[in-house]
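# Structural overview for review
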Amino acid sequence: MGQKPLVAPAQRWVWGLAAVAALCCLATVLVFAPGFLSPDSLDQLRQAQGKAPLTDWHPPVLSLVWRALIALTGSVTSMLVLQSAVLWGALWVLARCVWELTRSRGGSLAVLGVGLAPFVLNFAGVVWKDVHAAFALLAACAVAFTGLLLRDGAPRPALRWGLLWLGVLFLAYAILVRKNAVVAAAPVFVMLVLALWGRPGRRTWVACTAALVAGLAVPAAAISLFAAPLQTKQGAQIMLDDLVHVLSVEELRSADVPPDLRDRLVASAQECERVGALSDAYWACYRRPADGLRGDSGEITSLWLHEMSGHVPGYLQYRLLLFTTLLFETDYAYKAGITRNDLGIAVAHPRLEDALGTYVKGMIEDVPWLFRGWFWLTAALVLAIRPGRGLFALPVRALGISSAAYILGYLPIMPATDFRYVYWPALACTLGLLLLWLGRGRTAPPPAAPGATAGRTLPVHQPADAGGQ
């Protein structure tokens, strides 16, 4: 009689996927070490190290997490390790769930391959709030897929709620690190609840929503009370863009604001026109006082409210022009290395950086549409409207709605036309398109019989929410 193998072939494949994900995570850390840093990243690092005061210009939660990691490990690279682990950990969980639900080796490997796509790998090791928000949303999707996998095995209520709170943790972090990510997080939250409960009752929805609100409110209040970041009035930056690009120089000269601000607005409009800066006037054209926007924000806000109501056509035209530029002339698709700095931080492996740059920039040249906002908006709308009726229809639609909402949400608030503003949609839509393909022809099987084991392909079935709990 043959000896029973210690590890079943299916389980060996799961561990094989884990090994591939771990190798990819290690490679990501090596290539990007100690993390690619832009001026924004360096500013947050100075705050994390206590070399600059904590402000809310960039999300303070990122700086505080980085501060804790540095205190724990003594290394700046710890943030790169964390975000790489979240990316590849989430992809491994998704790949495992796809394997359990479809028994497709190629499909599960393809899920891991999403992380190697040039439009995902380009920013995978850049310490940006956009990247953190995208990876947190992806992790929440992985939690939702785990719920789909376990749901028909009648998991204990404690496990269900534990998964919900884990998903809420990732969603809350995504919103705290990128405020406008709330429109992208909402569909993922709905997917999470439906994945865990199938057909949740009203009380379940209320309880889950309360958990999300608490997950946002508690850390936000704690940061405000205990970390007390300096208020920078960053929101006025968007209004400044509108004022200097919608109003004429003559109208700015007669604006009812203090003379010094009026002169700076006029000079900013003239400078933006001279250098051809369509957006980001605060950094490109504005003569910034020592206190940034704090002293001017009230006057800028008042002027914006007064003037935009009388310049609605001009305002809409400007915002539409900026949005179409994001869609069709998407900029800054690759962040190379580390911006020159006074912290003594440089790329650890320049040749690996060069290899990454060759890969990404070559793909930008060969297939530029993969780095354009219009492509990912189109993909998002297709996934949202036509998710199919296959096994993964629910997550496909959720990823499409999340991506479309995120891109369209930039229409009134976009400060620039960078690819990082469509980074989450590029990641989410790639996963969504792959799931749409893998789920074709696979309908949800009947509910699992009581006592069925998890060793087979688990069905995706929507049981009623008994008692609404």
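Residues numbered from 1 in each chain as written. Predicted model: local features only at pLDDT ≥ 70, side-chain atom pairs only at ≥ 80, totals over all residues. Heavy atoms only, no water.

Taking an unreviewed UniProt entry as the reference, the protein is identified by name as Integral membrane protein belonging to Streptomyces iakyrus.

With that settled, consider the overall build of the protein. When you go through the protein residue by residue, the secondary structure sums to 20 helices and zero strands. Since a compact globule built from 469 residues should have a radius of gyration of about 23 Å, the 24 Å found for the protein is in line with a globular shape. The C-alpha extent of the protein, read off along each of the three principal axes, is 90 × 50 × 50 Å. A total of 469 residues make up the protein; the buried ones form 53% of that total. Across the protein, the fraction of contacts at a sequence separation of at least 24, relative to all contacts at a separation of at least 6, is 77%. Positive and negative charge centroids in the protein, built from 38 and 29 side chains respectively, lie 17 Å apart. (Helix = DSSP H or I, 4+ residues; strand = E, 2+ residues; numbered from the N terminus. Rg over C-alpha atoms; globule rule 2.2 N^0.38 Å. Buried < 20%, exposed > 50% of the residue type's maximum accessible area, 1.4 Å probe, protein only. Contact = heavy atoms within 4.5 Å. Lys, Arg positive; Asp, Glu negative; His and termini not counted. Charge placed at Lys NZ, Arg CZ, Asp CG, Glu CD.)

This next bit is on the packing of helix α8 (residues 157–177) against helix α10 (residues 202–227). For the pair α8 and α10, the least separation of the axes is 9 Å and the interaxial angle reads 45°. Classed by the angle they form, the pair α8 and α10 counts as oblique. Our pair here, α8 against α10, has a crossing hand that is right-handed. Contact residues: Trp161, Leu164, Trp165, Val168, Leu171, Ala172, Ile175 and Leu176 in α8; Ala207, Cys208, Ala211, Leu212, Ala214, Gly215, Leu216, Pro219 and Ala220 in α10. Looking at the contact of α8 with α10 residue by residue, the classes come out as 16 nonpolar, one polar and no charged. (Axes fitted to C-alpha atoms, helices over the stretch in contact; angles between N-to-C directions. Parallel < 35°, antiparallel > 145°, perpendicular 65-115°, else oblique. Left-handed = near helix turned anticlockwise from the far one by under 90°. Nonpolar A, V, L, I, M, F, W, Y, C, P; charged D, E, K, R; others polar.)

A word on unusual backbone geometry. Backbone torsion omega between Ala33 and Pro34 reads 0°, so that peptide bond is classified as cis. Here Pro34 is to be found in the loop between α1 (9–32) and α2 (39–48). For Ala228, which is not a glycine, the phi torsion comes out positive at approximately 45°. Even without glycine at this site, Tyr332 takes up a positive phi of about 60°. Note on placement: Tyr332 falls in the loop between α16 (312–328) and α17 (350–366). Judged by its relative accessible area of 30%, Tyr332 is partly exposed.

With that settled, the discussion passes to the state of the cysteines. Scanning the entire structure with this criterion turns up one disulfide. Not engaged in a disulfide, the cysteine Cys24 finds its nearest cysteine sulfur in Cys25; these two sulfurs lie 8.8 Å apart. Of all cysteine sulfurs, the one in Cys429 lies closest to Cys141, which takes part in no disulfide; the gap is 11 Å. Looking at Cys141, the relative accessible area reads 1%, which means it is buried. (Disulfide = S-S within 2.5 Å.)

Counting 157 residues, the largest nonpolar core has Trp66, Trp376, Phe419 and Trp424 as the members making the most contacts within it. It is helix α7 (residues 129–151) that provides the largest number of residues to this core, a total of 16 residues. In this structure Phe419 touches Phe119, Asn122, Phe123, Thr330, Asp331, Tyr332, Ala333, Leu370, Phe371, Trp376 and Ala426, once residues within four positions along its chain are discounted. (Core = buried A, V, L, I, M, F, W, Y, C linked by side-chain atoms within 4.5 Å.)

Estimates place the volume of the largest pocket at around 990 Å³. In this structure, the largest pocket is lined by 36 residues; those nearest its centre are Trp57, His58, Lys129, Arg178 and Gln234. Among the secondary structure elements, those contributing two or more residues to the lining of the largest pocket are α2, α3 (60–73), α8, α10 and α11 (236–246). A breakdown of the residues in the lining of the largest pocket according to their chemical character gives 20 nonpolar, eight polar and eight charged. (1 Å grid on protein atoms, 1.4 Å probe; cavity = no way out; pocket = protein on both sides within 12 Å on 5 of 7 lines; lining within 4 Å. Points joined across faces, edges and corners; volume = space filled by probe spheres on them.)

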